[in-house]
Amino acid sequence: MKHTLKIVLLLLGMFFLTQLIGLAVLQAYAPEIKQVKDAEGNIINITEYNLPYGTEPPQDNDPKINLISIIIALLIAIALMFFLMRFQAQIIIRLWFFIIVSIAVGITLNAAFFNLPSAQWIALLIALPLAFFKIYKRNILVHNFTELMIYPGIAAIFVPLLNIWTVVLLLVFISLYDMYAVWHSGFMQKMAKYQIQHLRIFSGFFIPYLGKKEQEQLASSKTKKVKDKKVKVSVAILGGGDVVFPIILAGVVLRQFGLFEALLIAIGATLALAGLFYYSEKGKFYPAMPFISAGCFIALILAYII
């Protein structure tokens, strides 16, 4: 394995743990069918997910229209990010990230506090300082800890909007975009470097580490009592999109098939990511979504067969 084994295992562990947290959160937000009276006094069935902060999906859901809307929204978000990066609008980008992190973490925590009165506000009171320390104080432990909760919260919003085939098409679209953005335009590399160098944050798992050469330099500087010796620190990163989209597929599978089949998706995605780490080379960017999607699709086929 070309990467440091410890770092790879840590990234894989956080990835898989986030998938499991995602399934637990989505199970907590399982849809409930209730009977209510409309304006004319007729009894109708409505589906409720009990999502907080105004994220409850509309009743007249059409997965095909939702898929198109999600893709358009993603393209707008990417264009907006590029625009803000172009004009060095760090304050706006940080505020944007702060709001997303706060809501997403709040949704995840709310799933754990369902039985408490005012659960969503308790969750938000905890989420806000976590988001503040993540975005504005840049603590590596807080960063990765909140990452575990961000993507389950985001997935909880999108899962009710999609079905199996629309989420498969979404993963295909994201995989194609990922290949283009990494191998052709280089936009993903630019965005990652901009976030790390200018914003000092990253939308994904982020692990700094010292390579063998750097460790030797550090040990040498300590032995020789050299002060202010600069040692280059490497980073291992895994983008947030690579984490959240498998959770969305697993969540849809959870609703249509069950927990075992959803776990297959999480395992398939993790094994595919492990394969990418094994064959990747240090210092190079790779589009992870095509590999993760392939693992998800193989797992989905197994779910249908089983």
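Use the structure listed above.
Residues numbered from 1 in each chain as written. Predicted model: local features only at pLDDT ≥ 70, side-chain atom pairs only at ≥ 80, totals over all residues. Heavy atoms only, no water.

Q: Is there a simple way to explain the pattern of salt bridges in this structure?
A: Close approach of charged atoms lets side chains of opposite charge pair. Enumeration over the complete set of coordinates arrives at two salt bridges. The closest approach of N and O atoms between Lys 34 and Glu 48, which form a salt bridge, is 3.0 Å. Here Lys 34 is found in strand E1 (residues 32–37), whereas its partner Glu 48 is found in strand E2 (residues 43–48), with 14 residues between them in sequence. Overall, Lys 34 belongs to the partly exposed group, its relative accessible area being 34%. With relative accessibility at 23%, the residue Glu 48 sits in the partly exposed group. Among the salt bridges present, the one from Lys 134 reaches Glu 147, with a minimum N-O distance of 2.6 Å. With Lys 134 in helix H4 (residues 119–137) and Glu 147 in helix H5 (residues 140–158), this pair connects stretches of sequence that are 13 residues apart. For Glu 147, a relative accessible area of 1% corresponds to the buried category. (Salt bridge = Lys/Arg side-chain N within 4 Å of Asp/Glu carboxyl O. Helix = DSSP H or I, 4+ residues; strand = E, 2+ residues; numbered from the N terminus. Buried < 20%, exposed > 50% of the residue type's maximum accessible area, 1.4 Å probe, protein only.)

Q: What is the right way to read helix H6 (residues 164–184) from this model?
A: Owing to its 3.6 residues per turn, the α-helix aligns residues three or four sequence positions apart on the same side. If you check H6, its first and last C-alpha atoms are 30 Å apart, about what 21 residues at 1.5 Å a residue would give, namely 30 Å. Every buried residue of H6 is listed here: Ile 164, Thr 166, Val 167, Val 168, Leu 170, Leu 171, Ile 174, Ser 175, Asp 178, Ala 181 and Val 182. On its buried face, H6 sits against helix H2 (63–86), helix H7 (187–199), helix H9 (240–256) and helix H11 (288–305). Following H6 by one or two positions, Gly 186 adopts a phi angle in the positive range, close to 75°. (Expected span 1.5 Å × (residues − 1). Contact = heavy atoms within 4.5 Å.)

These results come straight from atomic positions and should not be treated as a statement about function.
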